[in-house]
Amino acid sequence: MTTVRKATLSADEARQLHHEALVIDSQQPPATYGFLFTDNMRDAVQEMVGHGLTRDEIADRMASMAASEIRVSEDARRQYLDLWHRSGVTVASATYGGPGSFVEAFEQSVTRLAEARGIVDSLEGELVLVRNADDIERAHRTGKHGLILDFQDTIPIGTDIGRIDLFHHLGLRVVQLTYNLRNLVGDGCTEIHKSGLTYFGREVVQRLNELKMIVDVSHSSEQVGWDALDVSSSPVIVTHSSSAAVCYHDRAKGDDLAKAIADRGGFFGVVVIPGFLQESTEATLDDFANHVGHLVDVMGIDHVGIGNDKARQGPSTESLVEYPPEVIDSRPGSFDWSGFRPDEHRMTPEHHIVGYDDFGDWPNLTIKLAERGFNEDELRKLLGLNYLRVFREIVG
């Protein structure tokens, strides 16, 4: 039963606090095409649709085109930064390696990391690459924004643990051990049989520890989470998930695991994905707040935050890119390595959340949590200080 609280801040006071506080999104959409959809990109989508490309194929090209647009277009840079400013988010962790082809994963992830670095360079100090906790505090102090680079799968590592060192040199700081399905490290949360870490996975965790990189188990099976806690010498975190006790979903985490993560000094970021928060097609910000409140009761106020994981409403939650309805997701006969079965896992276009249309609506999360009775000190912890604490402890 979530603790009932009385509001101590008005909506206006909460909004002001939001724009003054250190706000860290522990999982935002990819900060390339997730944040941008220019007229040039719109025209390119139409042309690619005319050539019969699938949504997956177009999305890959949109990521590269967005990075290029920011590099060459003042309007694109303004559009990109305007969304950051409207969100009031100081620092966010964004994904540059995820599920997909095992054959192409390494090359694609290196390309995406290079594009992210290019965006940082193009914005001439408005966006900083976060390598350590001091970079986070510096971004907040100077009124800039910070980008943490993360992976949502370990398939770019392949069979070569030495690649982790390479990715660390490129700026990677957060690594999710699996996505939804099985990889060489362990099982994901939607795999048929959900076992734990492999021998290889244990060595991956140990190397992440040695390099002071964060171990994330958001999409991993519960057993991978338990095994990671057993193996890791550093706290383990969940950058973006929900509470299975509030609403069951394969992507959600049970109270016992959440409590164990907190007991080891970890962190849990709550998503704003409607199908994870509520079984019905329409979720509300109250549903989001229910998950936050419950996890605070389970883990304590020092271990919970927000990992939004949502760019916009609709079927393309990870991106502002708009796809014509006739575009198919992938080639017939191809396998979907995301591991989401849309109907079963409530990822259909009909699912939406009232009060959160796109990343710019981030302040509404703070207002809702204030309405639910979290005071100023608690809000500052939930918004960013909790993540800063664990980031400093692990990364330095």
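Not measured: the values here are computed from a predicted model.

Chemist: Before we move on, can you summarise the overall build of the protein chain with the specific residues and values?
Modeler: In terms of helices and strands, the protein chain carries 14 helices and 11 strands. Here the C-alpha radius of gyration of the protein chain, 19 Å, is about what a compact globule of 396 residues would show, namely 21 Å. When the backbone C-alpha atoms are referred to their principal axes, the protein chain occupies close to 55 × 50 × 40 Å. Considering the protein chain as a whole, with its 396 residues, one finds that 60% of them fall into the buried category. Residue pairs at least 24 apart in sequence account for 77% of intrachain contacts in the protein chain once pairs closer than 6 positions are excluded.

Chemist: Describe the pattern of salt bridges, and please don't skip the residues or the numbers.
Modeler: Enumeration over the complete set of coordinates arrives at 22 salt bridges. As a salt-bridge pair, Arg 392 and Asp 134 come within 3.2 Å of each other at their nearest N and O atoms. Of this pair, Arg 392 sits in helix 14 (residues 376-394) while Asp 134 sits in helix 6 (residues 133-142), and the two are 258 residues apart along the sequence. Its relative accessible area of 39% is what places Asp 134 among the partly exposed residues. The salt bridge partner of Asp 286 is Lys 368, with a shortest N-O separation of 3.2 Å. Residue Asp 286 is located in helix 12 (residues 285-299), and its partner Lys 368 is located in helix 13 (residues 363-371); the two are separated by 82 residues in the primary sequence. Under the relative-accessibility criterion, Lys 368 is labelled buried at 12%. One salt-bridge network, held together by shared partners, links Glu 74, Asp 75, Arg 77 and Arg 78.

Chemist: How would you sum up the packing of aromatic side chains? Please name residues and give values.
Modeler: One pass over the full model with this rule turns up nine aromatic pairs. Between the aromatic rings of Tyr 179 and Phe 340, the centroid separation amounts to 6.3 Å while the plane-to-plane angle is 85°, which identifies the pairing as edge-to-face. Residue Tyr 179 is found in the loop between strand 5 (172-176) and helix 8 (199-210), and its partner Phe 340 is found in the loop between strand 10 (304-306) and strand 11 (352-354); the two are separated by 161 residues along the sequence. Both residues of the pair, Tyr 179 and Phe 340, belong to the buried class. Each member of the aromatic cluster is reached from another via a ring pair, and the members are Phe 102, Phe 335 and Trp 337. We note Arg 163 situated over the ring of Phe 106; from NZ or CZ to the ring centre the distance is 3.9 Å.

Chemist: A description of the environment of His 169 should follow, citing residues and the corresponding values.
Modeler: Residue position: His 169 is located in helix 7 (residues 163-169). Along the backbone, His 169 and Pro 156 are 13 residues apart, and their C-alpha atoms lie at a distance of 15 Å.

Chemist: Break down the layout of surface pockets for me, citing the residues and quoting the values.
Modeler: When its volume is computed, the second largest pocket comes out at roughly 160 Å³. What lines the second largest pocket is a set of 13 residues, and nearest its centre among them are His 19, Gly 88, Thr 90, Lys 144 and His 145. Those elements giving two or more residues to the lining of the second largest pocket turn out to be helix 1 (11-20) and helix 6. A per-element tally of the lining of the second largest pocket places helix 1 first, with three residues.

Chemist: Would you mind going over the nonpolar core in detail, with residue names and values included?
Modeler: If you look at the biggest cluster of nonpolar residues, it comprises 103 residues, and the most contacted ones within it are Tyr 80 and Leu 177. Among the elements that line this core, the one with the most residues is helix 12, at eight residues. Counting residues in each nonpolar core, the second largest holds 18 residues, with Ile 24, Val 91, Ile 214 and Val 395 among its members.

Chemist: Tell me about unusual backbone geometry, and please be specific about residues and values.
Modeler: The backbone of Glu 124 shows a phi angle near 50°, a positive value even though the residue is not glycine. Its location among the elements puts Glu 124 in the loop between helix 5 (105-122) and strand 3 (127-129). Given the relative accessible area of 71%, Glu 124 is considered exposed. Positive phi, close to 60°, is recorded for Lys 212, a residue that is not glycine. Following the sequence through the fold, Lys 212 ends up in the loop between helix 8 and strand 6 (214-216).

Chemist: Lay out the packing of helix 13 against helix 14 with the relevant residues and their values.
Modeler: Viewed as axis vectors pointing N to C, helix 13 and helix 14 meet at an angle of 145°, and their least axial separation amounts to 10 Å. Crossing geometry of helix 13 relative to helix 14 is assigned as right-handed. Across the interface between the two elements, Thr 366, Leu 369 and Ala 370 from helix 13 touch Leu 379, Leu 382 and Leu 383 from helix 14.

Chemist: Give a detailed account of the environment of Val 110, specifying residues and quantitative values.
Modeler: Summarising the element assignment, Val 110 is placed in helix 5. Each C-alpha atom of the pair Val 110 and Arg 42 lies 26 Å from the other, and the pair is 68 residues apart in sequence.

Chemist: Any chance you could break down helix 8 for me, citing the residues and the numbers?
Modeler: An ideal rise of 1.5 Å per residue puts 16 Å on 12 residues; helix 8 measures up with 17 Å between its terminal C-alpha atoms. Those residues of helix 8 that fall on the buried side of the exposure criterion are Gly 201, Val 204, Val 205, Leu 208 and Asn 209. The buried residues of helix 8 all sit within an arc of 140° when viewed along its axis, so they share a single face. Facing away from the buried side of helix 8 by over 90 degrees, the exposed positions are Tyr 199 and Glu 210. Those residues of helix 8 that are buried are in contact with helix 7, strand 5, strand 6 and helix 9 (222-231). Looking one or two residues past helix 8, Lys 212 carries a phi angle of roughly 60°, positive in sign.

Chemist: Could you give me a rundown of the packing of helix 10 (residues 255-263) against helix 12, with the residues and numbers involved?
Modeler: Relative to each other, helix 10 and helix 12 sit at 60°, their axes nearing to 9 Å. With respect to helix 12, the element helix 10 is oriented oblique. The element helix 10 and its partner helix 12 pack so that their crossing is right-handed. Only His 294, Leu 295, Val 298 and Met 299 of helix 12 make contact with helix 10, whose side of the interface consists of Asp 255, Ala 258, Lys 259, Ile 261 and Ala 262. In the contact of helix 10 with helix 12, the residues fall into six nonpolar, one polar and two charged.

Scoring rules and cut-offs
Residues numbered from 1 in each chain as written. Predicted model: local features only at pLDDT ≥ 70, side-chain atom pairs only at ≥ 80, totals over all residues. Heavy atoms only, no water. Helix = DSSP H or I, 4+ residues; strand = E, 2+ residues; numbered from the N terminus. Rg over C-alpha atoms; globule rule 2.2 N^0.38 Å. Buried < 20%, exposed > 50% of the residue type's maximum accessible area, 1.4 Å probe, protein only. Contact = heavy atoms within 4.5 Å. Salt bridge = Lys/Arg side-chain N within 4 Å of Asp/Glu carboxyl O. Phe/Tyr/Trp six-rings, centres within 6.5 Å; stacked < 30°, edge-to-face > 60°. Lys NZ or Arg CZ within 6 Å of the ring centre and 35° of its normal. 1 Å grid on protein atoms, 1.4 Å probe; cavity = no way out; pocket = protein on both sides within 12 Å on 5 of 7 lines; lining within 4 Å. Points joined across faces, edges and corners; volume = space filled by probe spheres on them. Core = buried A, V, L, I, M, F, W, Y, C linked by side-chain atoms within 4.5 Å. Axes fitted to C-alpha atoms, helices over the stretch in contact; angles between N-to-C directions. Left-handed = near helix turned anticlockwise from the far one by under 90°. Expected span 1.5 Å × (residues − 1). Arc of directions from axis to C-beta. Parallel < 35°, antiparallel > 145°, perpendicular 65-115°, else oblique. Nonpolar A, V, L, I, M, F, W, Y, C, P; charged D, E, K, R; others polar.

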